[in-house]
Amino acid sequence: ASCIASFPGKYSTAWEEVTAQLVCSVACVFLPDKTSGLGEHTFISATSKECWCRQLYGDIPKEEYLRVVELSPEDDAERLAFEKRDAAAMGKH
């Protein structure tokens, strides 16, 4: 059986194509929180100061990944806490 595993990043178009065809198993790496690795960087080598982000996601301008979260009065404290944890993990607080 074939399987494709991906960080969709800069390959999002290819990811959409392969998941639309459903001809093999597909998996996506998703890091939901800091404990899972969200916002953490692994460097290319022990002496490198460059992480893998550009190679995985391409050269993405900050406007593409920064966002404004609009909360309504109905949003509860749990959702607000989640958004704050997510922002802190990504260095966007």
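This part is about the overall build of the protein chain. Helix and strand counts for the protein chain come out as 4 helices and 2 strands. When the elements of the protein chain are put in sequence order from the N terminus, they spell out β-α-β-α-α-α. Put simply, of all contacts in the protein chain between residues at least 6 apart along the chain, 31% involve residues at least 24 apart. Roughly 7600 Å² of accessible area belongs to the protein chain as shown, and the carbon and sulfur atoms make up 56% of that amount.

Applying the stated rule across the entire model yields 2 salt bridges. For Glu40, the salt bridge identified is with Lys34, shortest N-O distance 2.7 Å. Exposure remark for Lys34: the relative accessible area of 46% places this residue in the partly exposed category. Note that Arg79 and Glu83 form a salt bridge whose closest N and O atoms lie 3.5 Å from each other. Here the residue Arg79 and the residue Glu83 both occupy positions in helix H4 (residues 77–89), the gap between them amounting to 4 residues, near one helical turn. Residue Glu83 is classed as buried on the basis of its relative accessible area, which comes to 12%.

Our focus in this paragraph is the environment of Phe82. In this fold, Phe82 is placed in helix H4. Along the backbone, Phe82 and Asp33 are 49 residues apart, and their C-alpha atoms lie at a distance of 9.0 Å.

The grouping of Val69, Leu71 and Leu80 at the surface amounts to a nonpolar patch, some 200 Å² of accessible area in total. Among the structural elements, Leu80 can be located in helix H4. The partly exposed category is assigned to Leu80, whose relative accessible area is 34%.

Predicted coordinates in regions of low pLDDT should not be interpreted in detail. Looking at the protein chain, pLDDT values average 76 and 83% of them are 70 or higher. Helix H3 (residues 62–65) is the least confidently modelled element of the protein chain, averaging 67 in pLDDT, while H4 averages 80, the highest of any element.

Each value, and the rule that gives it
- Residues numbered from 1 in each chain as written.
- Predicted model: local features only at pLDDT ≥ 70, side-chain atom pairs only at ≥ 80, totals over all residues.
- Heavy atoms only, no water.
- Helix = DSSP H or I, 4+ residues; strand = E, 2+ residues; numbered from the N terminus.
- Contact = heavy atoms within 4.5 Å.
- Areas by Shrake-Rupley, 256 points an atom, 1.4 Å probe, with all protein chains shown as cover.
- Salt bridge = Lys/Arg side-chain N within 4 Å of Asp/Glu carboxyl O.
- Buried < 20%, exposed > 50% of the residue type's maximum accessible area, 1.4 Å probe, protein only.
- Patch = residues over 30% accessible without salt bridge, like charges linked within 9 Å, V, L, I, M, F, W, Y side chains within 5 Å.
- pLDDT = per-residue confidence, 0-100.

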